[in-house]
Amino acid sequence: AQSVTQLDSQVPVFEEAPVELRCNYSSSVSVYLFWYVQYPNQGLQLLLKYLSGSTLVKGINGFEAEFNKSQTSFHLRKPSVHISDTAEYFCAVSDQGGGSNYKLTFGKGTLLTVNP
Amino acid sequence: EAGVTQSPTHLIKTRGQQATLRCSPISGHTSVYWYQQALGLGLQFLLWYDEGEERNRGNFPPRFSGRQFPNYSSELNVNALELEDSALYLCASSELQGGHTEAFFGQGTRLTVV
């Protein structure tokens, strides 16, 4: 079984400040890792994903994340946030092996609020 | 190219009734997934359909069911609605070829049970 822990349920920051949203996972098998963003009353949009290769992954809107296998973490970062980044962010994992047990397992989400 | 579309956007039902939610995947995608996003419970996996068959099911009672049609669109049916079924139901689709590397989500159906 897999699990995802997002360590902060809410993160308030000021505009133009850097931000890090933390994500740790637990799995007995190799996983793919994802960060999704959800704006109010909308579905989920993929920010970035780690499948293999370089552990530093760059995504849309200036976000990046680093996969750390030894710490089973996949923290999301942005060097300078904007008001428009205010949203809920979800970390998710899936089993690389796929098969009939495939599913995305999500963390409970982190609400990022960017204040002027 | 059209994304994943869900209908209706909002649905209000009375306890005990049945609800039907619909999802059209991105063209070329054969897999459809359903998730429930209830307040305080996060995103919970409900069902996965591929090529018309149910491939995996989350920890939900049998009154949650669905199907996938030959054109890969999908329906989620919830029978005997309970108040706690009130949630945002999200549908996602992906290409199965090469593994489950990315799922694209629709805008969701907000189900309210009164």
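Sequence order as written defines the numbering, with residues in each chain counted from 1. All chains are assigned letters beginning with A, and all ligands numbers beginning with 1, in the order in which they are written. Reporting of local features is limited, given that this is a predicted model, to residues whose pLDDT is at least 70; pairs of side-chain atoms are given and counted only at 80 or more, and all residues count toward the totals for whole chains, interfaces and linings. Only hydrogens and water are set aside when side-chain values are computed; all heavy atoms of the structure are taken into account.

Considerations on the environment of Val81(A)
On the secondary structure map, Val81(A) appears in the loop between strand E9 (73-78) and strand E10 (87-95). Here, residues are in contact when the closest pair of their heavy atoms is within 4.5 Å. Once you skip the residues sitting within four places of it in the chain, Val81(A) turns out to touch Val13(A), Phe14(A), Glu15(A), Glu16(A), Ala17(A), Val19(A) and Val114(A). A run of H or I in DSSP counts as a helix once it spans at least four residues, and a run of E counts as a strand once it spans at least two, with each numbered from the N terminus.

Observations regarding the interface of chain B and chain A
Contact residues are listed per partner, giving 19 residues for chain B and 22 residues for chain A. Buried surface area refers to the total accessible area, computed with a probe of radius 1.4 Å, that the two partners give up upon joining, counted for both partners together. Here chain B packs against chain A, burying approximately 1700 Å² in sum over the two surfaces, 55% of which is carbon and sulfur. Salt bridge, as used here: a side-chain nitrogen of Lys or Arg that lies within 4 Å of a carboxyl oxygen of Asp or Glu. Our count for the chain B to chain A interface comes out at 0 salt bridges. Nitrogen and oxygen atoms within 3.5 Å of one another constitute a polar contact, given that in protein one can donate a hydrogen and the other can accept it, and given that sequence-neighbouring residues count only through two side-chain atoms. On the surface where chain B and chain A come into contact, there are 3 residue pairs in polar contact (both at pLDDT 80 or more). Listed by contribution, the elements that provide at least two residues to the side of chain B that touches chain A are strand E4 (31-38), strand E5 (42-50), strand E6 (53-57) and strand E9 (87-94) of chain B. Lys, Arg, Asp and Glu make up the charged group, whereas Ala, Val, Leu, Ile, Met, Phe, Trp, Tyr, Cys and Pro make up the nonpolar group; the residues left over, Gly among them, are polar. Taken together, the residues of the side of chain B that touches chain A break down into 10 nonpolar, 6 polar and 3 charged.

Observations concerning the packing of aromatic side chains
Stacked, edge-to-face and tilted are the three classes for Phe, Tyr and Trp ring pairs, Trp counted by its six-membered ring, which pair at centre distances within 6.5 Å; planes under 30 degrees apart are stacked, over 60 edge-to-face, the rest tilted. Summed over all chains, the structure comprises 13 aromatic pairs over all chains. Centroid distance Phe90(A) to Phe106(A): 6.4 Å. Interplanar angle 90°. Geometry classified as edge-to-face. Here Phe90(A) is found in strand E10, whereas its partner Phe106(A) is found in strand E11 (residues 105-106), with 16 residues between them in sequence. The burial state of Phe90(A) is the same as that of Phe106(A); both residues are buried. Geometrically, the ring pair formed by Tyr35(B) and Phe105(B) is tilted, given 5.8 Å between the ring centres and 50° between the ring planes. Taken together, the residues Tyr35(B) in strand E4 and Phe105(B) in strand E10 (residues 104-105) connect sequence positions 70 residues apart. Here Tyr35(B) and Phe105(B) have matching classes, each one buried. Among the aromatic residues, ring-to-ring pairing joins Phe34(A), Tyr36(A), Phe90(A), Phe106(A), Tyr35(B), Phe45(B) and Phe105(B) into one connected group. Think of it in three bands: residues with accessible area under 20% of the maximum for their type are buried, residues over 50% are exposed, and the middle band is partly exposed, with areas taken using a 1.4 Å probe on protein chains only.

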